[in-house]
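Structural features, examined
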Amino acid sequence: MTHTGRCHCGSLAFELDGEIAEVYDCNCSMCRRRGGMLAFAAADALRETGSGTPQTYRFNTHNIAHHFCGTCGIAPYSRGVGPDGVEMACINVRCVDGIDLAALKIVQINGASL
Ligand SMILES: [Zn+2]
């Protein structure tokens, strides 16, 4: 299936191929402040469909481009390279249209120690 999602103002929109069953709650210095629920996907499963150009924030190893909207401030997705060297995407599931957040299995990941 294909999910759709967007930031609050709609400038950054996306389509995501695949099922979302399990999401990650990360305790790294950024995620614990931002409060996103994350799903990971292959890089080409995420298509950016919005008219806006994302702002980008990088920290620590700078391996992950954390994209956010310069207008509304919401961060719908990131792109980066996984530990295996493969490009991947990370989606803030809270930005996916119509998803039942309470039905998702939440997995805690200890990003603070990575
Ligand atoms: Zn926005």
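Note that this is a predicted model, so its numbers are computed, not measured. (Residues numbered from 1 in each chain as written. Predicted model: local features only at pLDDT ≥ 70, side-chain atom pairs only at ≥ 80, totals over all residues. Heavy atoms only, no water.)

Structural notes on the coordination of the zinc ion
- Protein coordination at the zinc ion: the donors are Cys-7 (SG), Cys-9 (SG), Cys-69 (SG) and Cys-72 (SG), at 2.3 to 2.4 Å from the metal.
- For the zinc ion, the four donor atoms are set out with angles of 103 to 121° between them, so the coordination reads as tetrahedral.
- In the primary sequence, the donor residues of the zinc ion line up as C-x1-C-x59-C-x2-C.
- Exposure remark for Cys-9: the relative accessible area of 39% places this residue in the partly exposed category. (Donors = N, O, S within 2.8 Å, 3.2 Å for Na, K, Ca; no water. Tetrahedral: all angles 85-135°; square planar, octahedral: opposite > 155°, others 65-115°. Buried < 20%, exposed > 50% of the residue type's maximum accessible area, 1.4 Å probe, protein only.)

Considerations on the environment of Tyr-57
- Tracing the sequence through the fold places Tyr-57 in strand S6 (residues 55–57).
- For Tyr-57, a relative accessible area of 42% corresponds to the partly exposed category.
- In this structure, the C-alpha to C-alpha distance between Tyr-57 and Ala-75, residues 18 residues apart in sequence, is 10.0 Å.
- For Tyr-57, the residues in contact, after removing those within four places along its chain, are Met-30, Ile-64, Ala-65, His-66 and Phe-68. (Helix = DSSP H or I, 4+ residues; strand = E, 2+ residues; numbered from the N terminus. Contact = heavy atoms within 4.5 Å.)

Digging into the environment of Asn-110
- Within the secondary structure layout, Asn-110 lies in the segment after strand S10 (105–109).
- Exposure remark for Asn-110: the relative accessible area of 43% places this residue in the partly exposed category.
- Within polar-contact distance, the side chain of Asn-110 engages the side chain of Asn-27 at 3.0 Å. (Polar contact = N/O pair within 3.5 Å; in protein donor to acceptor, adjacent residues only side chain to side chain.)

With respect to the side chain of Ser-11
- Relative to the elements of secondary structure, Ser-11 occurs in the loop between strand S1 (2–6) and strand S2 (13–17).
- On the basis of relative accessibility, which here comes to 18%, the residue Ser-11 falls in the buried class.
- Sequence-distant contacts of Ser-11, that is, excluding residues within four places in its chain, are made with Gly-50, Ser-51, Gly-52 and Cys-69.

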